[in-house]
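# Secondary and tertiary structure notes
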Amino acid sequence: GAGFRAEGIPKRVPIDVCPVLTPRLQAAPEFAAKFGIFFGACDVSIIAAENGLDIAIKATRKLADQAVAQFDGLMRAQTIMRIAVNGETRAQLTPPLVKMTKAMVPIPVGGFLQATQKGEDALAELLLSHAKKSKSIADLFCGSGPFTFAFAQNHPVHAVASEQPAISALHSDVRNQNGLT
């Protein structure tokens, strides 16, 4: 069956509701269970992007080609922007977009985000409070840029990432932001 699990623990955690989930994701376990039809036992991660859901599935069973055709109806009914399996996009209506300060950034498959927007905002506030007097900032291991874009509102930023999908996502909105290199 489907359910929530704690980081690094393969067993499900017996809770009915996760208090940090947005209302859009409260039914995530039941929704994720639908993918068991195609994959058997699998891990399903769901991101509530600005324009819809982003689904990333880790599975051992190969996806049958006819299953991808069935995803179209499910995607439209559930406002799913992308379904990726084992790191590969298998179906996409449009890239899932995540708001990072003023930027709308297409998140790469498996991209890292904070668990909640509120948590990310709190971390950004803390970082910005310590950087007030800085002339410029280097954001190392910046990922897709959640803190990079926050810093760029008031400082020149040199953002560094090692994974090409994160770099591509970051570059997608850099032209609209001042102070990024």
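Placed above this text is the structure.
The present account deals with the structure reproduced in this document. Nothing here was measured: the structure is a model prediction, and the numbers come from that model.

## Here we look at the nonpolar core
Counting residues in each nonpolar core, the largest one holds 20 residues, and the members touching the most others are F35, F39, I55 and F71. Excluding residues within four positions of it along the chain, F35 makes contact with G40, C42, V44, I55, I57, F71, L74 and I83. In this structure, V98, M100, I107 and F149 belong to the second largest nonpolar core, which totals 10 residues.

## Quick notes on the sheet that holds strand β5 (residues 80-85)
Two orientations exist for strands paired in a sheet by backbone hydrogen bonds: parallel and antiparallel. In spatial order, the strands read β3-β4-β5-β6; together these four strands make up an open sheet with mixed pairing. Edge strands, defined here as strands with exactly one partner in the open sheet, are β3 (42-49) and β6 (88-92). Across the sheet, the axes of successive neighbouring strands diverge by a mean angle of 20°, strand direction being ignored. As paired elements, β5 and β6 share four bridges and run antiparallel to each other. Bridge assignment links I83 to a residue of β6, and that residue is A91.

## Focus on the pairing of β5
Taken residue by residue, a regular strand's side chains alternate between the two faces of the sheet. Among the six residues of β5, six are classified as buried, and the element is accordingly described as predominantly covered. Turn length for the β5-β6 hairpin, with the two strands adjacent in sequence and antiparallel, is two residues, and the turn residue N86 shows positive phi of about 50°.

## Comments concerning the environment of M75
Along the chain, M75 turns up in helix α3 (residues 65-78). On the basis of relative accessible area, M75 is assigned to the buried category, the value being 2%. Along the chain, M75 and A91 lie 16 residues apart, while their C-alpha atoms are 8.7 Å from each other. If sequence neighbours within four positions are ignored, M75 has contacts with I80, M81, R82, I83, A91, Q92 and L93.

## Observations regarding the pairing of strand β4 (residues 52-59)
The buried fraction of β4 amounts to six of the eight residues, a majority that puts the element mostly inside the structure. Alignment of β3 against β4, held across eight bridges, turns out to be antiparallel. Bridge assignment links I47 to a residue of β4, and that residue is D54. Linkage of β3 to β4, two consecutive antiparallel strands, is achieved through a turn of two residues. Where β4 meets β5, five bridges bridge the pair, whose relative direction is parallel. Within β5, the residue paired with L53 across the bridge is I80.

## Here's the deal with the side chain of T148
As for its placement among the helices and strands, T148 is situated in helix α5 (residues 146-151). In this structure the side chain of T148 is engaged in a polar contact, spanning 2.5 Å, whose partner is the side chain of D139.

Rules used in this analysis
- Positions within a chain are numbered from 1, following the residues in the order the chain's sequence is written.
- Side-chain atom pairs in this predicted model are given and counted only at pLDDT of 80 or more, local residue features only at pLDDT of at least 70, and totals for whole chains, interfaces and linings cover all residues.
- To obtain the side-chain values, all non-hydrogen atoms of the structure were included, while hydrogens and water were left out.
- For our purposes a nonpolar core is just a set of buried Ala, Val, Leu, Ile, Met, Phe, Trp, Tyr and Cys residues, chained together by side-chain atoms within 4.5 Å.
- Partly exposed describes any residue whose relative accessible area lies between the buried limit of under 20% and the exposed limit of over 50%, with all areas from a 1.4 Å probe on protein chains only and scaled to the type maximum.
- Contacts are assigned to residue pairs that have any heavy atoms within 4.5 Å of one another.
- Strand pairing is assigned whenever DSSP detects at least two bridges linking the two strands.
- Numbering goes from the N terminus for both helices and strands, where a helix is a DSSP run of H or I of at least four residues and a strand is a run of E of at least two.
- Each axis is a line fitted through C-alpha atoms, taken for helices only over the stretch in contact, and angles between the N-to-C directions span 0 to 180 degrees.
- Nitrogen and oxygen atoms within 3.5 Å of one another constitute a polar contact, given that in protein one can donate a hydrogen and the other can accept it, and given that sequence-neighbouring residues count only through two side-chain atoms.

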